[in-house]
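A structural walkthrough
Now for the letters of each chain:
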Amino acid sequence: MNQSLEAGQFAAELQQGQAGVFPTDTLPALATRPEHASLLWTIKERPQNKPVILMGADAEQLFSNLGMTPEPSWLRLIELHWPGALTLVVPAKGELLQQLNPGGSALGLRVPACEQARDLLRLSGPLATTSTNRSGEDPCTSAEEVQARFPQLLRLAPEPWPAPSGQASTVIALEPGGGWRLLRAGAVMPQELLS
């Protein structure tokens, strides 16, 4: 059975509780609707204390779904690096936090610089995402790899996907007193971390 679906059908299947993979500018994203995020830990065979991130089509979509207003200190980073390979980990609360980071107090947010991904996210709404691999293995970098390693997963059509950078996003967390702390070095390095 061909698991490659156009965006509308792909989004509808995610709505029904399926997991799927779509391209981004960094690495292909394994995704579900946030209410089905527990599937991601199962597929990855990964402990649930490792959070997944919320990916959206734009900053407004992300923050409106979280019922939050971005702080002025976040806006410069958002303007410079979204869409792009920067994941911001910011304080959050509510149902989405518990779905993506159970027991945590912060949530990772990203807007990818891949038009195919953002077109999907406009249809689907924000999605719970992570890299496409089993815990401890290298992530998939193409639709062909996804099909070979995870034949049961849906894939976003059309294929082949735009070539990703192959490097994960940079992850930075907001410190309690302000300022940012590097959690994972990746494809970009914000000026805030160099000063």
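This one's a predicted model, so the numbers in the text were calculated from it and none came from an experiment.

Overview of the overall build of the chain
Across its full length, the chain holds seven helices and ten strands. Within the chain, the fraction of its 195 residues that count as buried is 50%. For the chain, the proportion of contacts with a sequence separation of at least 24, taken over those separated by at least 6, is 61%. Accessible surface computed for the chain: about 9000 Å², of which carbon and sulfur atoms make up 50%. For the chain, the distance from the average site of its 14 positive side-chain charges to the average site of its 19 negative ones is 5 Å.

Some remarks on the packing of aromatic side chains
Using the criterion set out here, one finds two aromatic pairs in the structure. In textbook terms, an aromatic cluster arises when at least three aromatic residues are bridged by ring pairs, as seen for Phe63, Trp74 and Trp82.

Description of the pairing of strand 6 (residues 106-110)
Among the five residues in strand 6, four count as buried, and that is most of the element. Note: strand 4 (residues 53-55) against strand 6, two bridges, orientation parallel. Bridge pairing links Met55 to Arg110 in strand 6. Strand direction decides the pairing type here: strand 5 (residues 86-91) and strand 6, joined by four bridges, are antiparallel.

Comments concerning the environment of Gly94
Within the element layout of this structure, Gly94 appears in the loop between strand 5 and helix 5 (95-100). Through-space distance from the C-alpha of Gly94 to that of Ser105 is 9.5 Å; in sequence the pair is eleven residues apart.

Re the environment of Gln48
Along the chain, Gln48 falls in the loop between helix 2 (38-44) and strand 4. Between the C-alpha atoms of Gln48 and Pro102, which are 54 residues apart in sequence, the distance is 7.5 Å. Look past the residues within four positions of Gln48 in its chain and what remains in contact with it is Trp41 and Pro102.

Some words on unusual backbone geometry
Along the chain, Ala157 connects to Pro158 via a cis peptide bond; the corresponding omega equals 0°. Note on placement: Pro158 falls in the loop between strand 8 (154-156) and strand 9 (170-174). Looking along the chain, the bond that leaves Glu159 and enters Pro160 is cis, with omega of -5°. Within the element layout of this structure, Pro160 appears in the loop between strand 8 and strand 9.

Here's the deal with the nonpolar core
Counting 36 residues, the largest nonpolar core has Trp82, Leu88 and Leu109 as its most contacted members. Of all the elements in the fold, those that place two or more residues in this core are helix 2, helix 3 (59-66), helix 4 (72-81), strand 5, helix 5, strand 6 and helix 7 (143-149). Once residues within four sequence positions are removed from consideration, Leu109 is found in contact with Leu54, Leu62, Phe63, Leu66, Trp82, Leu86, Thr87, Leu88 and Val90.

Re the sheet that holds strand 7 (residues 127-131)
Spatial strand order, 1-8-2-3-7-4-6-5-9-10: ten strands in an open sheet with mixed pairing. The strands lining the two open edges of the sheet, one partner per strand, are strand 1 (4-5) and strand 10 (180-184). In the sheet, strand 5 pairs with strand 9 via four bridges, with the strands oriented parallel. Bridge assignment links Thr87 to a residue of strand 9, and that residue is Val171. Set on the sheet, helix 4 makes contact with strand 5, strand 9 and strand 10; between it and strand 5 the angle comes to about 160°.

About the thresholds
Residues numbered from 1 in each chain as written. Predicted model: local features only at pLDDT ≥ 70, side-chain atom pairs only at ≥ 80, totals over all residues. Heavy atoms only, no water. Helix = DSSP H or I, 4+ residues; strand = E, 2+ residues; numbered from the N terminus. Buried < 20%, exposed > 50% of the residue type's maximum accessible area, 1.4 Å probe, protein only. Contact = heavy atoms within 4.5 Å. Areas by Shrake-Rupley, 256 points an atom, 1.4 Å probe, with all protein chains shown as cover. Lys, Arg positive; Asp, Glu negative; His and termini not counted. Charge placed at Lys NZ, Arg CZ, Asp CG, Glu CD. Phe/Tyr/Trp six-rings, centres within 6.5 Å; stacked < 30°, edge-to-face > 60°. Pairing = 2+ DSSP bridges. Core = buried A, V, L, I, M, F, W, Y, C linked by side-chain atoms within 4.5 Å. Axes fitted to C-alpha atoms, helices over the stretch in contact; angles between N-to-C directions.

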